[in-house]
Amino acid sequence: MAEAYPATATSAKAVAALASHIQRLPLDPFFEPASVTLVSKGNKRHVMDGERELLDVGCNELTSWARHIAYGTRCRMGDLERVIVEHLSRGEALPAMILLRSHFEAAALAAHCVAELSAAARQEKVQALGQLMVATLFGTALKKHREKTSVADLLKSFEGDTIRICAAVNSLDSFYYREHSNGELSVAYSLLCEFAHPNHRGVMDFMVASEQAAGWEIKYELTAVPNAELIAGAIDTLLVSMRAGYSAGELLRCWQFSELGGQLVWRGPSPDQAKGVWEDLLQRTAE
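Let us look at the structure shown here. (Residues numbered from 1 in each chain as written. Predicted model: local features only at pLDDT ≥ 70, side-chain atom pairs only at ≥ 80, totals over all residues. Heavy atoms only, no water.)

Some thoughts on the environment of Tyr-220
Residue placement: Tyr-220 occurs in strand E4 (residues 215-220). Taking the C-alpha atoms as reference points, Tyr-220 and Ala-209, eleven residues apart in sequence, are found 8.8 Å from one another. (Helix = DSSP H or I, 4+ residues; strand = E, 2+ residues; numbered from the N terminus.)

Listed below in C-alpha cells is the structure:
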C-alpha cells in the first residue's frame with residue numbers, strides 16, 4: 001500500500017500495527033441464556049405496534065449481549081479490512097469505499113452500544129437496554145416486508161427494527177473525538193454513502209473529460225483512473241474507523257456483570273484495561 005501510494009505510508013503503517021495487535025486479543029467463549037422477547041401491541045402515546053423488548057435483563061443477558069457485539073464487531077471489521085486494503089492498493093477506490101462504509105457502520109454500532117450501556121449503568125436502569133439488545137442482535141431490514149409470504153417464512157417473531165445508523169454514527173463521533181466532537185464523522189459517513197449509493201460522485205474516476213468550446217467531451221472507461229488523494233483519504237478514514245470500533249468493542253468485552261443480594265452489579269473496565277484501550281487501540285498517549 002505504502003509503496004503504491006507514498007502519501008499513505010504513515011496511516012498504512014498504523015493500520016498494519018493495529019490489525020496485528022487485534023489478532024492477539026482474546027475471543028473467549030461465553031454463556032448465552034435462553035430469553036424472552038416481548039412483542040408489544042402498541043398504544044398511541046408510548047409504544048409502537050410490534051415494538052420488541054428483551055424481558056428480565058440480568059447479568060447473564062448483559063454479558064452475552066456485550067460479548068456478541070464486541071466479538072461480532074471485531075470479526076466483521078477484520079474481514080472487511082483485508083479486502084478494503086487490497087482494493088486501495090490496486091487503486092480501486094469505488095469497491096473500497098463501499099466496503100469501508102460497512103466497516104464504519106460496524107464501528108458505529110459498537111460505539112453506540114458502549115454509550116448506551118454506560119448511560120444505563122450510571123442510572124442503574126438495566127431494563128433501558130432491553131430494546132437496544134433486541135435491535136442490535138435481531139434487528140433486520142426485512143422487518144418492513146414481514147407481511148409478504150416469502151419474507152414471513154424467513155423471519156422469527158423476535159426479529160424487528162434495527163437501530164438508527166445516524167444515531168450510531170453520532171455516538172462514534174462522540175466516542176472518538178470526546179469533548180472535541182463536532183460531527184466530523186457524520187460528514188465522512190455521508191461521503192461513504194455517496195459511493196455506496198448509485199450516485200455520480202462514485203464513478204467520476206471512470207471518466208475522462210476534454211474541454212470543448214461550450215462544454216466537455218466525456219469518455220467513460222471500464223477501469224477507473226487511480227485517485228491518489230481519494231485513496232489517501234480512504235486509508236485515513238479506515239484507520240479512524242478501526243481505532244474507534246476496536247476500542248469500543250474492547251470496552252464492551254471488559255464490562256462485567258454479577259448479582260449480589262438480588263441486585264445487579266455493574267463493573268466497567270478497570271483503569272489498566274482503559275489505559276490499554278487508550279494507548280494500544282485508540283493509539284493515543286495516556287492522559
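On we go from here.
Quick word on the nonpolar core
Counting 72 residues, the largest nonpolar core has Leu-62, Trp-65, Leu-117, Leu-129, Leu-172, Phe-257 and Trp-266 as the members making the most contacts within it. Secondary structure elements with two or more residues in this core: helix H1 (9-22), helix H2 (59-89), helix H3 (93-123), helix H4 (130-138), helix H6 (165-177), helix H7 (184-196), helix H8 (228-254) and helix H9 (271-281). Filtering out sequence-adjacent residues up to four positions away, Phe-257 remains in contact with Cys-59, Leu-62, Thr-63, Ala-66, Leu-117, Leu-264, Val-265 and Trp-266. (Core = buried A, V, L, I, M, F, W, Y, C linked by side-chain atoms within 4.5 Å. Buried < 20%, exposed > 50% of the residue type's maximum accessible area, 1.4 Å probe, protein only. Contact = heavy atoms within 4.5 Å.)

Observations regarding the packing of H3 against H6
Relative orientation of the contacting elements H3 and H6 amounts to 75 degrees, with a least axis distance of 7 Å. As the angle between them shows, H3 and H6 are arranged roughly perpendicular. On H6, the residues that touch Phe-104, Glu-105, Ala-107, Ala-108, Leu-109, Ala-111, His-112, Val-114 and Ala-115 of H3 are Ile-165, Ala-167, Ala-168, Val-169, Ser-171, Leu-172 and Phe-175. In terms of residue class, the contact of H3 with H6 is made up of 13 nonpolar, two polar and one charged. (Axes fitted to C-alpha atoms, helices over the stretch in contact; angles between N-to-C directions. Parallel < 35°, antiparallel > 145°, perpendicular 65-115°, else oblique. Nonpolar A, V, L, I, M, F, W, Y, C, P; charged D, E, K, R; others polar.)

Points about H3
A rise of 1.5 Å per residue sets the reference length of H3, with its 31 residues, at 45 Å; its end C-alpha atoms lie 44 Å apart and thus fit the reference within 8%. Positioned one or two residues after H3, Glu-124 has a phi angle of 55 degrees, which is positive. (Expected span 1.5 Å × (residues − 1).)

A short note on unusual backbone geometry
Of note, the phi angle at Glu-124 is positive, near 55 degrees, even though the residue is not glycine. Residue Glu-124 is classed as exposed on the basis of its relative accessible area of 63%. One non-glycine residue, Arg-178, adopts positive backbone phi at about 55 degrees. Structurally, Arg-178 is set in the loop between H6 and H7. Judged by its relative accessible area of 40%, Arg-178 is partly exposed.

A word on the pattern of salt bridges
Where charged atoms from two side chains of opposite charge approach closely, those side chains can pair. In this structure the tally under the stated criterion is nine salt bridges. A salt bridge links Arg-178 to Glu-179; its shortest N-O distance comes to 4.0 Å. Residue Glu-179 is classed as exposed on the basis of its relative accessible area, which comes to 59%. One salt bridge in this structure joins Glu-279 and Lys-275, with 3.2 Å as the shortest N-O distance. Of the two residues, Glu-279 and Lys-275 both sit in helix H9, four residues apart, roughly one turn of that helix. Taken together, the salt bridges that share partners define one network made up of Arg-74, Glu-250 and Arg-253. (Salt bridge = Lys/Arg side-chain N within 4 Å of Asp/Glu carboxyl O.)

Some points on the packing of aromatic side chains
All chains considered together, the criterion is met by five aromatic pairs. For the ring pair Phe-30 and Tyr-71, a centre distance of 6.1 Å and an interplane angle of 45 degrees mean the geometry is tilted. Note that Phe-30 is positioned in the loop between H1 and strand E1 (37-39) and Tyr-71 in helix H2, a separation of 41 residues in sequence. Using a relative accessible area of 30% as the deciding quantity, one classes Phe-30 as partly exposed. Between Phe-104 and Tyr-189, the ring centres sit 6.1 Å apart and the planes meet at 15 degrees, which makes this aromatic pair stacked. Here the residue Phe-104 occupies a position in helix H3, and Tyr-189 occupies one in helix H7, the gap between them amounting to 85 residues. Of the residues examined, Phe-104 reaches a relative accessible area of 0% and is grouped as buried. Classification of Tyr-189 as buried rests on a relative accessible area of 9%. Through pairs of rings, three or more aromatic residues link up here, namely Trp-255, Phe-257 and Trp-266. The positively charged end of Arg-284 is found above the aromatic ring belonging to Tyr-176, 4.5 Å away from the centroid. Positioned over the ring face of Trp-278 is Arg-284, at 5.3 Å from the centre of the ring. (Phe/Tyr/Trp six-rings, centres within 6.5 Å; stacked < 30°, edge-to-face > 60°. Lys NZ or Arg CZ within 6 Å of the ring centre and 35° of its normal.)

Quick notes on H6
Look at H6: 18 Å from first C-alpha to last across 13 residues, which is about the 18 Å you get at 1.5 Å a residue. When we look at burial in H6, the residues that qualify are Ala-168, Val-169, Ser-171, Leu-172, Asp-173, Phe-175, Tyr-176 and Tyr-177. Against the buried residues of H6 lie H3, H7 and H8.

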